[in-house]
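Read off the chains here:
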Amino acid sequence: NEHEANLLFHLISTRYEAKPIILTTNFALDSWKKIFKNQLSAVAILDRLVHHSHIFYTDGPSYRVKGKF
């Protein structure tokens with residue numbers, strides 16, 4: 001939804017270069033343009049998130065769903 005994307009953009013913009021952000025996702029960054037309906041919002045959000053960032057990729061089973069299946 002565009003409203004949620006705008007809220008996320010506002011949150012990230014407010015903290016951008018002022019406070020750290022830790023974000024976890026199970027979506028690859030290049031797929032965010034498909035998730036957000038407005039591609040411009042996705043690019044703006046990612047631009048601020050990846051600038052000065054350290055990106056860690058993990059692989060393996062999820063601890064949240066461990067033992068649920």
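Residues numbered from 1 in each chain as written. Predicted model: local features only at pLDDT ≥ 70, side-chain atom pairs only at ≥ 80, totals over all residues. Heavy atoms only, no water.

Visitor: Help me out: how do you make sense of the overall build of the protein chain in this one?
Guide: Within the protein chain one finds three helices and zero strands. Taken from N to C terminus, the helices and strands of the protein chain fall in the order α-α-α. The principal-axis extents of the C-alpha atoms in the protein chain amount to approximately 40 × 25 × 20 Å. The buried share of the protein chain, reckoned over its 69 residues, is 16%. In the structure as shown, the protein chain presents an accessible area of about 6,300 Å², 58% of it carried by carbon and sulfur atoms. Charge separation in the protein chain, taken as the distance between the mean sites of 9 positive and 6 negative side-chain charges, equals 8 Å. (Helix = DSSP H or I, 4+ residues; strand = E, 2+ residues; numbered from the N terminus. Buried < 20%, exposed > 50% of the residue type's maximum accessible area, 1.4 Å probe, protein only. Areas by Shrake-Rupley, 256 points an atom, 1.4 Å probe, with all protein chains shown as cover. Lys, Arg positive; Asp, Glu negative; His and termini not counted. Charge placed at Lys NZ, Arg CZ, Asp CG, Glu CD.)

Visitor: How should unusual backbone geometry be read in this particular structure?
Guide: Positioned with a positive phi, Glu 17 is a non-glycine residue whose angle comes to about 60°. Secondary-structure assignment places Glu 17 in the loop between helix H1 (2–15) and helix H2 (32–35). In this structure, His 52 takes a positive phi of about 65° despite not being glycine. Here His 52 lies in the segment after helix H3 (39–50). A relative accessible area of 62% places His 52 in the exposed class.

Visitor: Hey, could you run me through the environment of Ser 31 in this one?
Guide: Mapped onto the elements, Ser 31 comes out in the loop between H1 and H2. On a C-alpha basis, the gap between Ser 31 and Ala 42 in space is 9.5 Å, while along the polypeptide they are eleven residues apart.

Visitor: Could you clarify how one ought to interpret a nonpolar patch on the surface in this entry?
Guide: Residues Val 50, Ile 55 and Tyr 57 make up a contiguous nonpolar surface patch of roughly 330 Å² in combined accessible area. With respect to the secondary-structure elements, Val 50 resides in helix H3. (Patch = residues over 30% accessible without salt bridge, like charges linked within 9 Å, V, L, I, M, F, W, Y side chains within 5 Å. Salt bridge = Lys/Arg side-chain N within 4 Å of Asp/Glu carboxyl O.)

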